[in-house]
Amino acid sequence: MNFFKIASHPMHYQLPSGRPPALCLVWRWIAACAVAVGFLGATRSAEVDLTPVSTADGLYTQVTVAGQPVWQNTGTANFLYGRRPNSFSFTVGQTLYVRATYYDDEGGGKLNLEYDAQTAIYKTSALHTRTSRVGSGRFVDCYFELPDVLFNKRQNGSSDFRLTCGDPGGVYVSVQRITLSDTPFADPDFQLVITRAWQTRYTGPAKDYVETTTLKGKVMAGYQGWFGTPNDLADNGGWRHWSRTSTMIPENFTIGM
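Rules behind the numbers
- Residues numbered from 1 in each chain as written.
- Predicted model: local features only at pLDDT ≥ 70, side-chain atom pairs only at ≥ 80, totals over all residues.
- Heavy atoms only, no water.
- Helix = DSSP H or I, 4+ residues; strand = E, 2+ residues; numbered from the N terminus.
- Buried < 20%, exposed > 50% of the residue type's maximum accessible area, 1.4 Å probe, protein only.
- Contact = heavy atoms within 4.5 Å.
- Areas by Shrake-Rupley, 256 points an atom, 1.4 Å probe, with all protein chains shown as cover.
- Pairing = 2+ DSSP bridges.
- Lys, Arg positive; Asp, Glu negative; His and termini not counted.
- Salt bridge = Lys/Arg side-chain N within 4 Å of Asp/Glu carboxyl O.
- Polar contact = N/O pair within 3.5 Å; in protein donor to acceptor, adjacent residues only side chain to side chain.
- Phe/Tyr/Trp six-rings, centres within 6.5 Å; stacked < 30°, edge-to-face > 60°.
- pLDDT = per-residue confidence, 0-100.

Looking now at the overall build of the protein chain. What the protein chain contains, in helices and strands, is three helices and 11 strands. The secondary structure elements of the protein chain, listed N-terminal to C-terminal, are α-α-β-β-β-β-β-β-β-β-β-β-β-α. In the protein chain, buried positions account for 32% of the 257 residues. Partitioning the intrachain contacts of the protein chain with sequence separation of at least 6 by distance along the chain shows that 70% fall at a separation of at least 24. Accessible surface computed for the protein chain: about 15900 Å², of which carbon and sulfur atoms make up 56%.

Take unusual backbone geometry next. Unlike most non-glycine residues, D148 shows phi in positive territory, near 60°. On the secondary structure map, D148 appears in the loop between β9 (138-146) and β10 (161-164). Positive phi values are uncommon outside glycine, yet S158 reaches one of about 55°. Checked against the element boundaries, S158 lands in the loop between β9 and β10.

Here strand β11 (residues 174-181) lies mainly inside the structure; six of its eight residues are buried. Alignment of strand β5 (residues 96-104) against β11, held across six bridges, turns out to be antiparallel. Counted as the bridge partner of R99 is T179 from β11.

For the rest of this paragraph, the subject is the sheet that holds strand β7 (residues 123-124). The sheet built from four strands is open, its strands ordered β4-β10-β6-β7 with antiparallel pairing. The outermost strands of the open sheet, each flanked by one partner alone, are β4 (79-82) and β7.

Note that D160 resides in the loop between β9 and β10. K153 provides the closest opposite charge to the buried, salt-bridge-free D160, at an N-O distance of 4.1 Å. Within the local environment of D160, its side chain forms a polar contact with the backbone nitrogen of K153, the two atoms lying 2.9 Å apart. In contact with D160, other than residues within four places in its own chain, are G82, R83, R84, Y115, D116, F151, N152, K153 and Q155.

Turning next to the packing of aromatic side chains. Enumeration over the complete set of coordinates arrives at nine aromatic pairs. For the pair Y143 and F185, a centre-to-centre distance of 5.4 Å together with 50° between the ring planes defines the contact as tilted. Here F185 lies in the loop between β11 and α3 (188-194) and Y143 lies in strand β9, a separation of 42 residues in the sequence. Exposure remark for Y143: the relative accessible area of 7% places this residue in the buried category. Assessed through its relative accessible area of 5%, F185 is described here as buried. Counting every residue linked through ring pairs, the aromatic cluster contains Y97, Y143, F185 and F190.

Tallied over the entire structure, the rule returns nine salt bridges. Taking the shortest distance from any N to any O, the salt bridge between D105 and R133 comes out at 2.7 Å. Within this pair, whereas D105 is found in the loop between β5 and β6 (112-115), its partner R133 is found in the loop between β8 (128-129) and β9, the two being separated by 28 residues in sequence. Residue classification places R133 among the buried positions, given a relative accessible area of 5%.

This next bit is on the pairing of β9. Two elements, β5 and β9, share nine bridges in a ladder whose sense is antiparallel. Residue pairing for β9: Y102 is matched across the bridge by V140. Bridging between β8 and β9 involves two bridges; their strand directions are antiparallel. In the sheet register, T129 faces β9, and the bridge partner there is Y143.

Further remarks concern the confidence of the model for the protein chain. Looking at the protein chain, the pLDDT average stands at 84 and 82% of residues meet or exceed 70. Confidence over residues 1-17 falls short of pLDDT 50; this stretch has 12 contacts with residues more than four positions distant or in other chains. Counting interchain partners and residues more than four positions distant, the pLDDT-below-50 stretch residues 34-43 has four contacts.

Written out as structure tokens, the structure reads:
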């Protein structure tokens, strides 16, 4: 801690009397290096909590859910809008990130995010996690990646992005917190998604138990990787290709073997 006191106030640090000049030079060099390190490290991650912007299709009310204050859409409003505060610095074209904390109740449906990008005013976030309501009865965090941001306040209410909420299943989405960040959030699933691991070759363990020069005397099986579940890493919402509808009951199953 004393080292950083030198960095903050190098001119106020008093050397013990009687020290030889060479040692004074060493202390001054240490202080100068500390100041330089302080300036070089001045750029640090920024994170800010936002209050939604109320506008025609983003009207909301404040209520209490599960003992916590939340924002809920009202009437036919389907969105919660967010606006970057002027104190939050960024560069046009930069990638930013949003975390929304919401109550995961029985309403179903999923949250989406559209943001003001250089290529579109309402560009949909392509990479995200935990956006489907599955009725866990607790507050959960969903995360969104926002590449190529413009954030010129071109959305309704001079906003920069909006969460799609509405009232799927007749139950409004209850959002407790909206956070904007210039660095990825530490959630492990979100970290895995934004690395786009599926774009690289598999490098994990492999076993060569089969002689592959012929199919004679063998049974071959395959798997078509198009199935989806709510809140898997693809995060497309719902049970995909498992049943005739998203309702998982035996008479709807279409799985073949």
